[in-house]
Amino acid sequence: MKRIGVFVCHCGTNIANTVDCAKVAETAKDFPGVVFACDYKYMCAEPGQVMIQEAIREHNLDGYVVAACSPRMHEPTFRKCAERAGMNPYMVEQVNIREQCSWVHADKTKGTDKSIDITRMGVAKVAQNEPLFSTTIPVTKRALVIGAGIAGIQAAIDIADAGYPVTLLDREHSMGGKMAQVDKTFPTLDCSACILTPKMVEAAQHPNIEIVTYAEVQAVDGFVGNFDVTIRKKARYVDVDKCTGCGLCSEKCPKKVASEFEMNLGTRKAIYVPFPQAVPNKPVIDAKNCRFLVEGKCGVCKKVCPTGAVDFEQKDELIVERFGSIVVATGFEQFDISKYEEYGAGRIPDVITGLHLERLMNASGPTMGKIKRPSDGKVPEKIVFIKCVGSRDEAKGRSYCSRACCMYVAKHATLIKEKIPTSKSYIFYMDVRTAGKNYEEFYTRAQNEYDAQYVRGRVSKIFQVGDKLIVRGEDSLLGRPVEIEADLVVLAAGMDPQQDAKDLARTLGISYDQHGWFTEAHPKLRPVETHTAGIFLAGACQGPKDIPDSVAQASAAAVKAAGLLSKKELTAEAQTARCDEAYCSGCGLCVSICPYKAIELKRISERVHGGTRERQVSSVNQGLCQGCGACSVACPSSAMNLKGFSNDQILAEVDALCQR
Amino acid sequence: MSAVDEKKVNAAGQPDPNWEPNIVGFACNWCTYAGADLAGLSRMQYPPNVKLVRVPCSGRANPQFVLRAFQKGADGVLVAGCHPGDCHYATGNYFTRRRFLLFQRLLEFSGIDPRRFQARWISGAEAPKFRDVVTQMAEEVKALGPNRKLREEV
């Protein structure tokens, strides 16, 4: 019989208020195997842990149960505590009398009874526990960064500076992401290209960074320290090694189409670079619009290319490479404003979004920085901004705040006043949220020095009369309807996750929330990690973020990724599957059920009746096994078992719970 | 055990109105257990009848564990995990779904009211759903009275 200790935590008053901790400890003394039980104010604090360690030595404990908060919170704490006292860390079980008792059952009797029940369950499990030992796995000292926007670039540079090779991947054919489309950045009004493009060049020239653009992640196998990533390099139809980036091909290409980079306000050719400072500055052929690829005629670019870089025969290429850690920085998409039918969005040409305005204001944009209405090219005098379009709106399924819109509207109002001094901006808002450093000052300046008029209220309708847009809404501070004749309406469209974010999440095996933003392991304490070891999050793929926040988070993710790569080897999960070869019939059901391909059949020879016999049994790769336990249920002879959650342990828990 | 039995059934053989069902829950570590934690964090109140056994994945919950719980006198069993498609272990809960769909029919065949055994998908963000599922299950099982089938007499 094991000698078991029980430690009941008060968690200050969090538990003690609605659970009689002393009674739980007192009752636990009678559970089979329990030789010591006590309660204390804070078990996770230093004195509490010293107490546990002393009790281990004094009572010669084989294992212990902590009745406290959730094991998802403090299990590692109590395992380490056991280790310091020379006990195997897996001889510890934590039962949850805070989240599952004291906080949800106001009735002290009921809470105490349930606490006693689940403490009995914990003791029954510990009685079945066995010491477990971790194995080690090697680390591939390379990182993959998915998405080469500002977050991805920053993460890649930081990891590369730490001395590890990085592959920076983007599905577009240039780095830069959304920030490349932005004209100026708040609150300092730096020109976006002026601060972004040096970063792009720094990344491109860094000896540790390999840039792979126009490529997507197709599949991810393996596990922390050893991810095997299949990358699809899409056909560019241009040999980047031969291409010098002279631009002659784009110049001569006869096909003009709307440019996505210019938000369809400008045009580009079928062979093109999206913007002048693109990195890598090599063109790509848009297969859907290329006359040669569609109709088999033309081929002008091939004829004019001085180095013979155009290659219409190119095909998508699949490469598999191994990485130790992955940083996901896939960013966001602008909310699709056509969901706001009442604003005429997508129908009325002079109702545009923030990103459209960014392109109109940009000196290298389609209008050379002159703000002109898309419909007739007139310079607008009265501009109406509408905030929270696609954010904080339950009716459109966007309950969250998009964080950057308040500031970019203030920025737009400021910049428009600078460019068109006679203009007047009206800004319809619900709230103004300016929670960053120097943000509030910037917003106040837009109001006081740049004459931006803030109107609190919702706009109900926008319609065209002649060449004017009538914006009808209400001023909820004055409590009366307002109508403004505007020349241009700018919708501060919020942020949406990338449309295919969920597919990528499934490929990577990370989780996402109801909107499609990737979920961090803990919102406060593990903000850049995912629940999948070795995969980290940077930038707006995790939730709406502005540039300063994205950069800060990217550096944080980089430190985590580099920290992992700096290890000689990793400690593998100890709670893995184990096959009892004596019972295994070699049927292979576990092999097909394992999602990690961690189980293989192997041949063993054994002595039977003086002779030897060969047969098949299952064998588990401890490095690959993640400990889900699916195999143990599939096994018809119970040969497969999960260490830490064995059949005996779980059945002991069930029995203990039923024994009231 | 006899004292407990007296509590469950009064002298006239009628169910005791003060009787409370005992329900064993198997909760996957990544979704449902986290959802239960969030319910605690949000101070949601629910009846204490469901007690959770933490398992790494709902796919670890063996139908045999459910049978054992019924044998040992549990009045209801809940198996809960991540939504299909969202499994921390990629495919674990698909196995759960398949196994327990079949298993539920077996239980019904052997005379167990299907309300005594439920398999549910509760994500880590769905604290209200966790509260509602355990509350509803406690009520339903209470209405059904003590489990007599499959039970080992002690």
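A quick note: this is a predicted structure, and the numbers were derived from the prediction, not measured.

### Focus: the overall build of chain A
Reasoning step 1: A count of helices and strands for chain A gives 18 helices and 34 strands.
Reasoning step 2: With respect to the principal axes defined by its C-alpha atoms, chain A has extents near 90 × 70 × 40 Å.
Reasoning step 3: Counting contacts in chain A only where the partners sit at least 6 residues apart, residues at least 24 apart contribute 69% of the total.
Reasoning step 4: Of the accessible surface of chain A, which amounts to about 28,000 Å², a share of 50% is contributed by carbon and sulfur atoms.
Reasoning step 5: Treating the 83 positive side-chain charges of chain A as one cloud and the 79 negative ones as another, the clouds have centres 3 Å apart.

### Topic: the packing of aromatic side chains
Reasoning step 1: In this structure the tally under the stated criterion is 16 aromatic pairs over all chains.
Reasoning step 2: Ring geometry for Phe-100 of chain B against Phe-117 of chain B: centres 5.3 Å apart, planes inclined by 35 degrees, an arrangement best described as tilted. One end of the pair, Phe-100 of chain B, is in helix α4 (residues 92-109); the other, Phe-117 of chain B, is in strand β4 (residues 117-121), and 17 residues separate them in sequence.
Reasoning step 3: Note on Phe-117 of chain B: relative accessible area 1%, which makes it buried.
Reasoning step 4: One aromatic cluster in this structure is built from Phe-7, Phe-36 and Tyr-64 of chain A.
Reasoning step 5: Stacked on the ring of Trp-103 of chain A, the Lys or Arg Arg-43 of chain B has its end atom at 3.8 Å from the ring centre.
Reasoning step 6: Over the ring of Tyr-33 of chain B we find Arg-54 of chain B; its NZ or CZ atom is 5.7 Å from the centre of that ring.

### Some points on the state of the cysteines
Residues and elements named next belong to chain A.
Reasoning step 1: Enumeration according to the criterion identifies two disulfides over all chains in this entry.
Reasoning step 2: With a sulfur-sulfur separation of 2.4 Å, Cys-191 is cross-linked through a disulfide to Cys-194. Of note, the bridge from Cys-191 to Cys-194 carries an S-S torsion of about 90 degrees and is right-handed in sense.
Reasoning step 3: Residue Cys-194 is classed as partly exposed on the basis of its relative accessible area of 48%.
Reasoning step 4: Cys-101 carries a free sulfur, and the closest cysteine sulfur to it, the one in Cys-21, is 10 Å from it.
Reasoning step 5: The structure places no disulfide on Cys-406, whose sulfur is separated from the nearest cysteine sulfur, that of Cys-388, by 6.0 Å.
Reasoning step 6: What makes Cys-406 buried here is its relative accessible area of 9%.

### What to know about the pattern of salt bridges
Residue and element names in this part refer to chain A.
Reasoning step 1: One pass over the structure, following the stated rule, counts 45 salt bridges over all chains.
Reasoning step 2: One salt bridge connects Arg-359 with Glu-262, and the closest N-O pair in it is separated by 2.8 Å. Here Arg-359 is found in helix α11 (residues 354-361), whereas its partner Glu-262 is found in the loop between β13 (256-258) and β14 (267-269), with 97 residues between them in sequence.
Reasoning step 3: Relative accessible area serves as the criterion here: at 1%, Arg-359 is assigned to the buried category.
Reasoning step 4: What makes Glu-262 buried here is its relative accessible area of 10%.
Reasoning step 5: Several salt bridges share partner residues, and in doing so they unite Arg-171, Glu-216, Lys-234 and Asp-500 into one network.

### Considering the confidence of the model for chain B
All names here are of chain B.
Reasoning step 1: When pLDDT is averaged across chain B, the result is 88; 90% of the residues are at 70 or more.
Reasoning step 2: Contacts from residues 1-7, a stretch scored under 50 in pLDDT, to residues over four places away or in other chains number seven contacts.
Reasoning step 3: Scored by ipTM, the complex comes to 0.92, with pTM at 0.75.

### As for the packing of helix α5 (residues 108-128) of chain A against helix α18 (residues 647-658) of chain A
All names here are of chain A.
Reasoning step 1: Relative to each other, α5 and α18 sit at 150 degrees, their axes nearing to 8 Å. In terms of their interaxial angle, α5 and α18 are classed as roughly antiparallel. The two elements α5 and α18 meet at a crossing, and its hand is right-handed. Across the interface between the two elements, Asp-117, Ile-118, Arg-120, Met-121, Ala-124, Lys-125 and Gln-128 from α5 touch Asp-648, Gln-649, Ala-652, Glu-653, Ala-656 and Leu-657 from α18.
Reasoning step 2: Each residue belonging to the contact of α5 with α18 can be placed in one class, and the counts come to six nonpolar, two polar and five charged.

### Focus on empty space enclosed by the protein
The method is simple in principle: a probe with the dimensions of a water molecule rolls over the atoms, and the space it marks as empty is what remains.
Reasoning step 1: Across all of its chains, the model carries eight cavities of 30 Å³ or more by this definition.
Reasoning step 2: Here the largest cavity defines a volume of roughly 140 Å³.
Reasoning step 3: As for the largest cavity, its lining consists of 15 residues, of which Gln-94, Val-95, Met-121 and Glu-653 of chain A together with Arg-54 of chain B are closest to the centre.
Reasoning step 4: Elements supplying a minimum of two residues to the lining of the largest cavity: β4 (92-96) and α5 of chain A together with β2 (50-55) of chain B.
Reasoning step 5: Partitioned by chemical class, the residues of the lining of the largest cavity number seven nonpolar, four polar and four charged.

### So, unusual backbone geometry
Residues and elements named next belong to chain A.
Reasoning step 1: The peptide bond linking Phe-186 to Pro-187 adopts the cis configuration, its omega dihedral lying at -5 degrees.
Reasoning step 2: Within the secondary structure layout, Pro-187 lies in the loop between β8 (184-185) and β9 (190-191).
Reasoning step 3: Residue Val-279 is joined to Pro-280 through a cis peptide bond whose omega torsion reads -5 degrees.
Reasoning step 4: At Cys-388, a residue that is not glycine, the phi angle is positive and equals roughly 55 degrees.
Reasoning step 5: With respect to the helices and strands, Cys-388 occurs in strand β21 (residues 382-389).
Reasoning step 6: Exposure remark for Cys-388: the relative accessible area of 7% places this residue in the buried category.
Reasoning step 7: Positive phi values are uncommon outside glycine, yet His-609 reaches one of about 50 degrees.

### A word on the interface of chain A and chain B
Reasoning step 1: Taken together, the contact between chain A and chain B spans 44 residues of the former and 48 residues of the latter.
Reasoning step 2: Buried area between chain A and chain B, summed over both chains or domains, comes out near 4,100 Å², and the portion from carbon and sulfur atoms is 57%.
Reasoning step 3: For the interface between chain A and chain B, the tally reads four salt bridges.
Reasoning step 4: For the salt bridge of Arg-68 of chain B with Asp-655 of chain A, the shortest nitrogen-to-oxygen distance reads 2.8 Å.
Reasoning step 5: Along the contact surface separating chain A from chain B lie 16 residue pairs in polar contact (both at pLDDT 80 or more).
Reasoning step 6: Secondary structure elements with two or more residues in the side of chain A that touches chain B: α3 (71-84), α4 (98-102), α5, α17 (630-634), β34 (640-642) and α18 of chain A.
Reasoning step 7: Among the elements that make up the side of chain A that touches chain B, the one with the highest residue count is α18 of chain A (eight residues).
Reasoning step 8: Of the residues contributing to the side of chain A that touches chain B, the split by class is 21 nonpolar, 13 polar and 10 charged.

### Some words on the sheet that holds strand β29 (residues 535-537) of chain A
Residues and elements named next belong to chain A.
Reasoning step 1: Read across the open sheet, the five strands follow the order β10-β7-β6-β18-β29; overall the sheet is parallel. The open sheet has two edge strands with one neighbour each: β10 (209-213) and β29. Each strand of the sheet is rotated relative to its neighbour by a mean of 20 degrees, with strand direction disregarded.
Reasoning step 2: Summarising the sheet, strand β7 (residues 166-170) and β10 pair through five bridges and their orientation is parallel. Note on β10: the bridge partner recorded for Leu-169 is Val-212.

### Focus on the UniProt feature "domain: F420-non-reducing hydrogenase iron-sulfur subunit D" (unreviewed entry) in chain B
Reasoning step 1: When the UniProt feature table is mapped onto this chain numbering, "domain: F420-non-reducing hydrogenase iron-sulfur subunit D" (unreviewed entry) sits at residues 23-145 of chain B.
Reasoning step 2: Annotated as 45% helix and 19% strand, the span residues 23-145 of chain B places its first and last C-alpha atoms 12 Å apart.

### Section: the sheet that holds strand β25 (residues 468-475) of chain A
Residues and elements named next belong to chain A.
Reasoning step 1: Here we have three strands laid out as an open sheet, ordered β24-β25-β26, and antiparallel in their pairing. Two strands close off the open sheet at either side, each with one partner strand: β24 (459-465) and β26 (480-486). The sheet shows a mean angle of 20 degrees between the axes of neighbouring strands, taken without regard to direction.
Reasoning step 2: Both β24 and β25 contribute to a ladder of six bridges, which runs antiparallel. Opposite Val-465, over in β25, you have Lys-468 as the bridge partner.

Definitions and limits used
Residues numbered from 1 in each chain as written. Chains lettered and ligands numbered in written order. Predicted model: local features only at pLDDT ≥ 70, side-chain atom pairs only at ≥ 80, totals over all residues. Heavy atoms only, no water. Helix = DSSP H or I, 4+ residues; strand = E, 2+ residues; numbered from the N terminus. Contact = heavy atoms within 4.5 Å. Areas by Shrake-Rupley, 256 points an atom, 1.4 Å probe, with all protein chains shown as cover. Lys, Arg positive; Asp, Glu negative; His and termini not counted. Charge placed at Lys NZ, Arg CZ, Asp CG, Glu CD. Phe/Tyr/Trp six-rings, centres within 6.5 Å; stacked < 30°, edge-to-face > 60°. Buried < 20%, exposed > 50% of the residue type's maximum accessible area, 1.4 Å probe, protein only. Lys NZ or Arg CZ within 6 Å of the ring centre and 35° of its normal. Disulfide = S-S within 2.5 Å. Salt bridge = Lys/Arg side-chain N within 4 Å of Asp/Glu carboxyl O. pLDDT = per-residue confidence, 0-100. Axes fitted to C-alpha atoms, helices over the stretch in contact; angles between N-to-C directions. Parallel < 35°, antiparallel > 145°, perpendicular 65-115°, else oblique. Left-handed = near helix turned anticlockwise from the far one by under 90°. Nonpolar A, V, L, I, M, F, W, Y, C, P; charged D, E, K, R; others polar. 1 Å grid on protein atoms, 1.4 Å probe; cavity = no way out; pocket = protein on both sides within 12 Å on 5 of 7 lines; lining within 4 Å. Points joined across faces, edges and corners; volume = space filled by probe spheres on them. Buried area = accessible area lost by both parts, 1.4 Å probe. Polar contact = N/O pair within 3.5 Å; in protein donor to acceptor, adjacent residues only side chain to side chain. Pairing = 2+ DSSP bridges. UniProt positions renumbered as here; feature names shortened; annotations may be inferred.

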